[in-house]
Amino acid sequence: MKTVLVIDDILEMRENIAEILELAGYIVLTAENKGNGIDMALNSKSDLIICHINKPETDGFEVLQKVRTNKKTKKIPFLLVTANPENREKLKDMHLSADSYIVKPFDANELRNIVAEKVKSVVH
């Protein structure tokens, strides 16, 4: 079974994403802020990291940068979640190596499809 780490400071969003993915057969780990999320990313065997971009306690760009600069985690697929479609340009401008992003609101099928696509090639 594949493991997904979800980092979001909004409890309802974390629980919603976790429920969708658990029902799809994934093991889901959750973190409520960037500090816990970075620790979990570095110390767990996640197959995918899903992280919200723009919240005071969950800076997805900072988490992405930490994950990409660590040799243990740099190849883990990373999905950024944003409520602001304008962040697409910021992602391109920053040349960060996020594997994908999803704009809220999204539906369960869209999330499941993106996650399935990103984890299918992960090998430990």
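Residues numbered from 1 in each chain as written. Predicted model: local features only at pLDDT ≥ 70, side-chain atom pairs only at ≥ 80, totals over all residues. Heavy atoms only, no water.

Chemist: Can you walk me through the nonpolar core in this structure?
Modeler: Val 4, Ile 17, Leu 21, Ile 50, Leu 111 and Val 115 are the most contacted members of the largest nonpolar core, which has 19 residues in total. For this core, the secondary structure elements donating two or more residues are β1 (3–7), α1 (11–23), β3 (48–52), β6 (78–82) and α5 (108–119). Top contributing element to this core by residue count: α1, with five residues. The residues contacting Ile 17, other than those within four sequence positions of it, are Val 6, Ile 50, Phe 106 and Leu 111. Judged by nonpolar contacts, the second largest core, of 15 residues, contains Ile 7, Ile 53, Leu 64 and Ile 76. (Core = buried A, V, L, I, M, F, W, Y, C linked by side-chain atoms within 4.5 Å. Buried < 20%, exposed > 50% of the residue type's maximum accessible area, 1.4 Å probe, protein only. Helix = DSSP H or I, 4+ residues; strand = E, 2+ residues; numbered from the N terminus. Contact = heavy atoms within 4.5 Å.)

Chemist: Would you mind showing me how to read the pairing of β1 here?
Modeler: Along a regular strand, successive side chains alternate from one face of the sheet to the other. With five of its five residues buried, β1 lies for the most part within the structure. Burial along β1 is two-sided: Thr 3, Leu 5 and Ile 7 facing one way and Val 4 and Val 6 facing the other are all buried. In this structure, β1 lies alongside strand β2 (residues 27–31), joined through five bridges in parallel fashion. For Thr 3, the partnering residue across the bridge sits in β2 and is Ile 27. Each parallel crossover has a hand, and for β1 linked through α1 to β2 it is right-handed. In terms of strand pairing, β1 meets β3 through four bridges, oriented parallel. (Pairing = 2+ DSSP bridges. Right-handed = clockwise from strand over helix to strand, strands pointing away.)

This is a description of form; function is not addressed.
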